[in-house]
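Coordinate inspection notes
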Amino acid sequence: MQHGIFIAPFGPLADPHRLMQLATAVEETGWDGLFFWDHVLRPESNEILDPWVTMAAVATCTERIRIGPMVTPIARRRPIKLAREITTLDLLSQGRLTVGLGLGVDSGGELSRFAEETRDRVRGEMLDDGARLLAALLDGETVVEVDGNYTIDGVSLEPRPLQQPRPPLWFAARAGAKKPVRRASLYEGMFPISMTPAQFDAALEEVVSVRGSLDGFDICLKTNPGDPPPPYVDHATWLLQAFPAVADLDELFNVLMHGPPQ
């Protein structure tokens, strides 16, 4: 199992230089990854950094740790722009990018206040279509999509990402919903949120029914510092120490300086 730190670039962490210092400490103390919330508005704080620009800065000051958004909503992004950002960041980080994707939420009005889509069903369709197109673009295919949620008229991308066929895509899956689990099963990983042990067992069964096995499939869990990990942690490939939207810096640095759990 690999261990990471999961933070929001909000409040006292809305400072790229501080986050670069933190990333260096994460790497030096033996952690395996540093992952960021991806939001444009939140009720907890109006001090928010863009996670993608932040990850580019982190990529330049680290050499080993994996980085990634957890999670980016395709519904408020354009697949072509996101594909270019993923490729650029994967090349910049020398192949250390993992991409978390999901529906997104309207906390703070980051959908409704910009007239973005707020209906879960429609955002789910946009996520399905967007992920399929994003994977095809990153895989080097020539993509033609003229109907549905997006239009891409005969486009292929160069250069290719360093990771082949592309950086891994993980998908958020909440509680007992089956569709997000099936979506994740088509790609490289799942980020379970608020699942009971029974719901988690059912999710694993669904993944196996789609993929045939769990081989090559990441399961990324999160836990609060000081709390016991989820009861199904033995199935995880990643465990993230997750901090609140506005983190206590003393607590954060104390956790990371002690290094990952043994």
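Before reading further, recall that the structure is shown in the block above.
Position numbers for residues count from 1 along each chain, tracking the sequence in the order it is written. Totals for whole chains, interfaces and linings use every residue, but because this is a predicted model, local features are given only for residues with pLDDT of at least 70 and side-chain atom pairs only at 80 or more, for both listing and counting. Side-chain numbers come from the whole structure's heavy atoms, not from hydrogens or water.

Exposed residues in this analysis have more than 50% of their type's maximum accessible area, buried residues have under 20%, and partly exposed residues fall in between, with area computed by a 1.4 Å probe over protein chains only. Here a strand is any run of E in DSSP of at least two residues, a helix any run of H or I of at least four, and the numbering for each starts at the N terminus. Taken together, the buried positions of helix α2 (residues 51-61) are occupied by Pro51, Trp52, Thr54, Met55, Ala57, Val58 and Ala59. The contact definition used throughout considers only heavy atoms, calling two residues in contact when any of these lie within 4.5 Å. Of the surrounding secondary structure, the elements contacted by the buried residues of α2 are α1 (16-28), β2 (33-36), β3 (66-69), β4 (72-73) and α3 (79-92). Any pair of N or O atoms that falls within 3.5 Å is considered a polar contact. Within protein, one atom must be able to donate a hydrogen and the other to accept it, and sequence-neighbouring residues count only if both atoms are side-chain atoms. At the N-terminal end of α2, a side-chain oxygen is found 2.9 Å from the backbone nitrogen of Trp52, two or three residues along, and the residue is Asp50.

For this analysis, a salt bridge means a side-chain nitrogen from Lys or Arg found within 4 Å of a carboxyl oxygen belonging to Asp or Glu. Across all of its chains, the model carries 15 salt bridges by this definition. One salt bridge in this structure joins Glu125 and Arg121, with 2.9 Å as the shortest N-O distance. Taken together, the residues Glu125 and Arg121, both in helix α4 (residues 120-138) and four residues apart, mark about one turn of the helix. Ionic pairing is found between Asp139 and Arg166, a salt bridge with its closest N-O pair at 3.0 Å. Pair noted here: Asp139 is in the loop between α4 and β6 (143-145) and Arg166 is in the loop between β7 (152-155) and β8 (169-174), with a separation of 27 residues, a long-range link. Three or more residues joined by partner-sharing salt bridges are found here, namely Asp38, Arg76 and Glu110.

Moving on, we come to the pairing of β3. Side chains Arg66 and Gly68 project from β3 onto one buried face, and the interleaved Ile67 and Pro69 project onto a second face that is buried too. Each pair of strands is called paired provided DSSP finds at least two bridges between the two strands. In terms of strand pairing, β2 meets β3 through four bridges, oriented parallel. Across the sheet, the residue bridging to Phe35 is Gly68, located in β3. For the segment spanning β2, α2 and β3, crossover handedness is right-handed. Throughout, right-handed denotes a crossover for which the path from the first strand over the helix to the second runs clockwise when the strands point away from the viewer.

Mapped onto the fold, Glu110 is located in the loop between β5 (99-102) and α4. A distance of 2.8 Å separates the side chain of Glu110 from the backbone nitrogen of Val40, its partner in a polar contact.

Turning our eyes to something else, we now look at the layout of surface pockets. Both site types are read off a 1 Å grid over the protein atoms alone. A 1.4 Å probe that fits but cannot get out defines a cavity, while an open set with protein on both sides within 12 Å along at least five of seven lines defines a pocket; lining residues have an atom within 4 Å of a point. Grid points are joined across faces, edges and corners, and a volume is the space filled by probe spheres set on the points. Taken as a whole, the largest pocket holds about 650 Å³ of empty space. Considering the residues around the largest pocket, the lining is formed by 30 residues, among which Val71, Val105, Ala172, Arg174 and Ile193 are closest to the centre. Among the secondary structure elements, those contributing two or more residues to the lining of the largest pocket are α4, β8, α5 (178-185), β9 (189-193) and β10 (218-223). Three residue categories are used. Nonpolar comprises Ala, Val, Leu, Ile, Met, Phe, Trp, Tyr, Cys and Pro, charged comprises Asp, Glu, Lys and Arg, and polar comprises the others, including Gly. Here the residues of the lining of the largest pocket sort into 19 nonpolar, four polar and seven charged.

What follows concerns the nonpolar core. Take the buried Ala, Val, Leu, Ile, Met, Phe, Trp, Tyr and Cys residues and link them wherever side-chain atoms come within 4.5 Å; each set so joined is a nonpolar core. Grouped together as the largest cluster of nonpolar side chains are 65 residues, with contacts concentrated most on Ile5, Ile7, Leu34 and Leu101. Counting residues per element, this core draws most heavily on α4, at 10 residues. The contacts of Leu34, once residues within four sequence positions are left out, are Ile5, Ile7, Leu22, Ala23, Val26, Val58, Ile65, Arg66, Ile67 and Gly68.

Further remarks concern the sheet that holds strand β1 (residues 2-7). In space, the nine strands of this open sheet follow the order β3-β2-β1-β11-β10-β9-β8-β5-β4, with parallel pairing throughout. This sheet does not close on itself; its edge strands, each paired only once, are β3 and β4. Bridge count for β4 against β5 is two bridges, and the pairing is parallel. Opposite Thr72, over in β5, you have Leu101 as the bridge partner. Contacts from α2 reach β2, β3 and β4, with the element oriented near 175° to β3. Axis definition: a line fitted to C-alpha atoms, over the contacting stretch in the case of helices. Angles run 0 to 180 degrees between N-to-C directions. Docked against the sheet, α5 engages β8 and β9, running at close to 165° with respect to β8.

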